[in-house]
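Examining the three-dimensional arrangement
Letter by letter, the chains look like this.
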Amino acid sequence: MIRLDKRILTHFDYIQVILIIPIIILSYILVSDANDMLASKQLVYFGIGAMCFMLFFLIPIKKLEWLIPLVYWVNIILLFSVDIIGVSKLGAQRWLEIPFVHFTIQPSEIMKPAFLLMLAYIIKQKPPEEDGYGLKDFIKISFYIILPFVLILKEPDLGTALILFLVGYSILFVVGVNKKIWISLIVIAGILSPIIYENLHDYQKKRITDFISKEPSYQVKQSIIAIGSGGINGKPKDEVTQTKFKFLPIATSDFIFAYTIERFGFIGGTALMLIYFLLIIHLFSIVYWRKKDYFTIVMSVGLASMIFIYVGVNVSMTIGFAPVVGIPLPFFSYGGSSFITFMCIFGILQNLITFRYDPLYRLVKIKF
């Protein structure tokens, strides 16, 4: 007799799914209100994302750990290739074209799950001591953080590069590093900050200048107007003038948070932020009930940090508290790359949680 292994149902983390589904539903409502064609495409992205989730959920990741370094270095080679044979769009060279099918991929997006898996692999192989990692181990792990950071920064893609950089060191902070190392890094960062600024691209400097200037940029002005016009309860879809008449730029992706408040008001925006907050807290809580499972800890902390940075930067950008950069809201902004990437990472994390007591990854039980 063949039957489903009940432990899959009992160990599965349903809280993640319960918190993510409302974000996806609200995203589709907003995108479909703004543009029917984009809504149709978004459904395709949802379908691909769901298939990617199931793929990574069912792959026996812990049995295939030995492949992780290979996956990481293949992605590094792809990032190197972008500088040589990459496709340029809107002044940035971030894509590779697949021969014959004229389909492009963005290696920096593929790098995100590979990056987290590599850090999980390294930290599992050599966990920190009681007082945290020493300088030698810190430098070793930092190499795997800084290498993709530099390659993505050259594209140029400052936003994605900084996200990987911050996520990597957030993981090290939670896992444990000697306090003296952190103090030294803060001092060095303060000294080097003027040099780093001078080596930024002109458009990146302009974003910073626009941010610290008294007058916000046109994009931010329109975003603030949209947020203010939404009031407490928002407006019907036919009355969202900032979005309907294209005053609000990129309303379904970069500035979708402003569109959310114009449409559903302060209540809608607060509800969305509350869901993100609960999701981040839940992911960080995994650290406490999986204390010595460093592989799972790294993946959960990495994912929580990534969502926190994405949400924090995107929302701050729309209200004028951060420079305008192309960082979407996870599971919410229109587009396939970010959505599919997050679904892959969630699939990996669910795999580690659900099959934590089953080294054979048995989906079914066979009895005679």
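The preceding data block contains the structure.
Residues numbered from 1 in each chain as written. Predicted model: local features only at pLDDT ≥ 70, side-chain atom pairs only at ≥ 80, totals over all residues. Heavy atoms only, no water.

**Let's talk about the overall build of the chain**
Summing up its helical and strand segments, the chain has 14 helices and five strands in all. Counting all 368 residues of the chain, 50% fall into the buried class. Taking the intrachain contacts of the chain between residues at least 6 apart in sequence as the baseline, contacts between residues at least 24 apart amount to 74%. If you sum the accessible surface of the chain, you get close to 18,900 Å²; carbon and sulfur atoms cover 71% of it. (Helix = DSSP H or I, 4+ residues; strand = E, 2+ residues; numbered from the N terminus. Buried < 20%, exposed > 50% of the residue type's maximum accessible area, 1.4 Å probe, protein only. Contact = heavy atoms within 4.5 Å. Areas by Shrake-Rupley, 256 points an atom, 1.4 Å probe, with all protein chains shown as cover.)

**Quick notes on the pattern of salt bridges**
Here the structure, examined in full by the defined rule, presents seven salt bridges. For Asp83, the salt bridge identified is with Lys154, shortest N-O distance 3.6 Å. Taken as a pair, Asp83 in helix α4 (residues 68-85) and Lys154 in the loop between α6 (135-153) and α7 (158-175) lie far apart in primary sequence, 71 residues in all. The class of Lys154 is exposed, set by a relative accessible area of 51%. Among the ionic pairs, Asp137 bridges to Lys126, the shortest N-O distance being 3.2 Å. With Asp137 in helix α6 and Lys126 in the loop between α5 (107-125) and α6, this residue pair connects regions lying eleven residues apart in the sequence. In this structure Lys126 comes out as partly exposed when scored by relative accessible area, which is 45%. Each of Lys62, Arg290 and Asp293 takes part in one network of salt bridges that share partners. (Salt bridge = Lys/Arg side-chain N within 4 Å of Asp/Glu carboxyl O.)

**Let's talk about the state of the cysteines**
One pass over the full model with this rule turns up zero disulfides. Here Cys52 is not cross-linked by a disulfide; its sulfur's nearest cysteine counterpart is in Cys344, at 4.1 Å. (Disulfide = S-S within 2.5 Å.)

**Some thoughts on the nonpolar core**
Judged by nonpolar contacts, the single largest core of 96 residues is most densely connected at Leu172, Met299 and Ile307. The biggest single contributor to this core is helix α13 (residues 294-318), with 15 residues. Setting aside chain neighbours within four positions, we find Ile307 in contact with Tyr276, Leu279, Ile280, Leu283, Pro330, Phe342 and Phe346. (Core = buried A, V, L, I, M, F, W, Y, C linked by side-chain atoms within 4.5 Å.)

**Topic: the side chain of Ser333**
Here Ser333 shows up in the loop between α13 and α14 (337-354). Residue Ser333 is classed as buried on the basis of its relative accessible area of 7%. Only 2.8 Å separates the side chain of Ser333 from the backbone nitrogen of Leu329, close enough to count as a polar contact. Apart from the residues within four sequence positions on either side, Ser333 is in contact with Gln42, Thr252, Ser253, Ile256 and Pro328. (Polar contact = N/O pair within 3.5 Å; in protein donor to acceptor, adjacent residues only side chain to side chain.)

**Some remarks on the packing of α5 against α14**
As a packed pair, α5 and α14 sit with axes 9 Å apart at the nearest point and diverge in direction by 20 degrees. Classed by the angle they form, the pair α5 and α14 counts as roughly parallel. Crossing of α5 against α14: the hand is right-handed. For the pair formed by α5 and α14, the contact residues are Glu109, Lys112, Pro113, Leu116 and Leu117 on the first element and Ser337, Ser338, Thr341, Ile345 and Ile348 on the second. Of the residues belonging to the contact of α5 with α14, the class tally is five nonpolar, three polar and two charged. (Axes fitted to C-alpha atoms, helices over the stretch in contact; angles between N-to-C directions. Parallel < 35°, antiparallel > 145°, perpendicular 65-115°, else oblique. Left-handed = near helix turned anticlockwise from the far one by under 90°. Nonpolar A, V, L, I, M, F, W, Y, C, P; charged D, E, K, R; others polar.)

**Description of the packing of aromatic side chains**
By convention here, two paired aromatic rings are described through the distance between centres and the angle between planes. Applying the stated criterion to the full structure yields 21 aromatic pairs. Aromatic pair Tyr169 and Trp182: ring centres 6.4 Å apart, planes at 80 degrees, arrangement edge-to-face. A residue pair is termed long-range when its members are at least 10 positions apart, and Tyr169 in helix α7 and Trp182 in helix α8 (residues 179-198) qualify at 13 residues. Accessibility assignment for this pair places Tyr169 and Trp182 in one class, buried. Three or more aromatic residues joined by ring pairs form one cluster here, namely Phe46, Tyr310, Phe331, Phe339, Phe342 and Phe346. (Phe/Tyr/Trp six-rings, centres within 6.5 Å; stacked < 30°, edge-to-face > 60°.)

**Let's talk about helix α12 (residues 256-289)**
For α12, built from 34 residues, the straight-helix expectation of 50 Å at 1.5 Å per residue is missed by more than 12%, its first-to-last C-alpha distance being only 35 Å. At Phe264, α12 shows its largest kink, close to 130 degrees. (Expected span 1.5 Å × (residues − 1). Bend = angle between axes of the 7 residues up to and from the residue.)

**Here we look at a nonpolar patch on the surface**
Together, Ile183, Leu185, Val187, Ile188, Ile191, Leu192, Ile195 and Ile196 give the surface a local cluster of nonpolar side chains, amounting to about 730 Å² of exposed area. Inspection of the secondary structure puts Ile183 in helix α8. (Patch = residues over 30% accessible without salt bridge, like charges linked within 9 Å, V, L, I, M, F, W, Y side chains within 5 Å.)

**Section: the environment of Phe264**
Inspection of the secondary structure puts Phe264 in helix α12. It is 5.7 Å that separates the C-alpha atoms of Phe264 and Asn233, two residues lying 31 residues apart in sequence. Not counting residues within four places of it along the chain, the set of residues in contact with Phe264 comprises Leu26, Ile29, Leu30, Ile232, Asn233 and Gly234.

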